[in-house]
Amino acid sequence: MTTDRRATLVILDGARADVFAHLVAAGDLPNISRYLLESGGMVPATTVFPSTTGVAYLPFLTGCYPGTCDVPGIRWMDVRGYTGEWWRDREHLRSYCGPQGGLINSDLRPGLVTLFDLVPESVSLCSPLTRGLPPERDRVQRARALWGALAHYVGTYGPLERAVGRALCRTTRERHRFVFAVFPGVDGVTHFWDPWHTLVLDMYRGFDRIIGDYAAAGGFDGDHLTLLVSDHGLTPVEHHTDVSLELEAMGMPALRYPAIWRRDPKVGVMVSGNGSVQLYLRPGTPRPRRFTIGEIEAGMVADIPRNLVRELAQLPGVALVVGNDGDAVRLVGREGRARLVDSGGGRIRYLPDTADLLGLGGPAEHDDREWLRRTMSSPYPDAPTQLLQLFRSPRAGDLVIIAEVGWDLRRDWEIPEHRSGHGSLTADHMRCLVASNRHLVGPVRTVDTFPLILGHLGVPIPEGIDGVLPVAPDVDPMQRTALAAQA
Ligand SMILES: [Zn+2]
């Protein structure tokens, strides 16, 4: 075991890779440039779907997708157990935005291990995810509760950022093996403005000053892998389509947060990041599995009109409606239909039946790493893998609705109104920041940072995770072999 090695992962929540690169090029992030990028760099990277805070932290701490973790969104319903008694059945109904927030730790699939489980000498700053962490190593929670709640409504993230910064500087004296730190300010302020707004850029610059203090305190000393990442991007929201209101107008009473006491709902509407929605048909009638698009369109789901999928796909601001059918994912858009089929052995086949909905040029079959490379510059980066992974979770919806660029899927109860948002599968939500003081080989997914950290610390990498090791080209061959063996 290499006990002198340390690792730190800092989430700059909602940081866009292009905004970050622009500020670096302008010389606005001098400390990050000097202490991180000079010896390492940035790599093209994607997050997970749904691209939403909290859910999109899971890959960093577990190496797994939300579907593998069985946490398919920031709100979900478990149709296997929900009988319609919203208070008595609250175990089967979830929103991490509010009093149920801490349940994300116990909702994770049993048997899953976190970095905190694997590296007991860890400390966490301002994180909603703390599974495996002793209470004394879970820091900046009081400031998070106090300042975080206020900032959510009025946008004043400075005090919370500085509190996390001070705690980060203090970790340098204690030399923990792994430090996980969350800076929520970029995401929080961007929701009030747009990703290029001067107040947003100031959050990046303020964070750079924190990195300067951290470096001065010895933060980068020693054999210390440091990763600076984001969990999603954001785009300006110009229009809102409230899926719940549209369903109500179609004659389907909708159960949704916070109005979950809706009498006799025909559909549950669970919004994630406001750029995607998962629909659960006939909530309150427990069943062992999801309904398929085929069953809905054959009129086999009582109380649900057979043209529902088509109607949803025609709504303004809806890019895709997606459902799961065995090993396949069916996509319905305004222009037609397509499928993704899990061919086994890690290979995925894309079949644009009547429309090339993912913009990939035609039918193709690749393994999932090749799909990542081929879709990085497409309208929906990493879509084949991301759509399939989501439905691994029995808690994922019967239908997933994905918003177009410029739109979100909520208007009622969006307090405060989001002027920028995320949660969708579109490029500027999926592409995220991965920078490091070591060379990495891109493109990477956020799940890949987990084995990277374990490899650096010399901790065996658990079997069955989704991430793979993005080994640096300058790693000497002996070390590369050792890292690969651990993966
Ligand atoms: Zn976020």
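Conventions we followed
- Residues numbered from 1 in each chain as written.
- Predicted model: local features only at pLDDT ≥ 70, side-chain atom pairs only at ≥ 80, totals over all residues.
- Heavy atoms only, no water.
- Pairing = 2+ DSSP bridges.
- Helix = DSSP H or I, 4+ residues; strand = E, 2+ residues; numbered from the N terminus.
- Axes fitted to C-alpha atoms, helices over the stretch in contact; angles between N-to-C directions.
- Contact = heavy atoms within 4.5 Å.
- Buried < 20%, exposed > 50% of the residue type's maximum accessible area, 1.4 Å probe, protein only.
- Arc of directions from axis to C-beta.
- Polar contact = N/O pair within 3.5 Å; in protein donor to acceptor, adjacent residues only side chain to side chain.

Asks: What's the story with the sheet that holds strand β19 (residues 364-367) in this structure? I'm lost.
Replies: Strand pairing within a sheet occurs via backbone hydrogen bonds; the two strands may be parallel or antiparallel. Taken together, nine strands build an open sheet; the order of strands is β12-β13-β14-β20-β15-β16-β17-β18-β19 and the sheet is mixed. Two strands in the sheet have a free side with no partner beyond their single neighbour: β12 (254-256) and β19. Put simply, the sheet's adjacent strands are angled 25° from each other on average, direction ignored. Here six bridges tie strand β13 (residues 267-272) to strand β14 (residues 276-281), and the two strands are oriented antiparallel to one another. The partner of Val269 across the bridge, within β14, is Leu279. In the packing of helix α14 (residues 368-375) onto the sheet, the strands contacted are β18 (347-351) and β19, and the crossing angle to β19 comes to about 115°. Docked against the sheet, helix α15 (residues 383-390) engages β14, β15 (318-325), β16 (328-332), β17 (337-344), β18 and β20 (399-403), running at close to 80° with respect to β17.

Asks: Would you take a moment to explain α14 for this structure?
Replies: In an α-helix, one turn spans 3.6 residues, which is why side chains three or four residues apart end up on the same side. Those residues of α14 that sit buried are Trp371, Leu372 and Thr375. Along the axis of α14, the buried positions cluster into a sector of 105°, meaning they face one direction only. In this fold, the buried residues of α14 make contact with β3 (45-46), β18, β19, α15 and β24 (444-445). Of the residues that open α14, the one with a side-chain oxygen 3.1 Å from the backbone nitrogen of Arg369 is Asp367.

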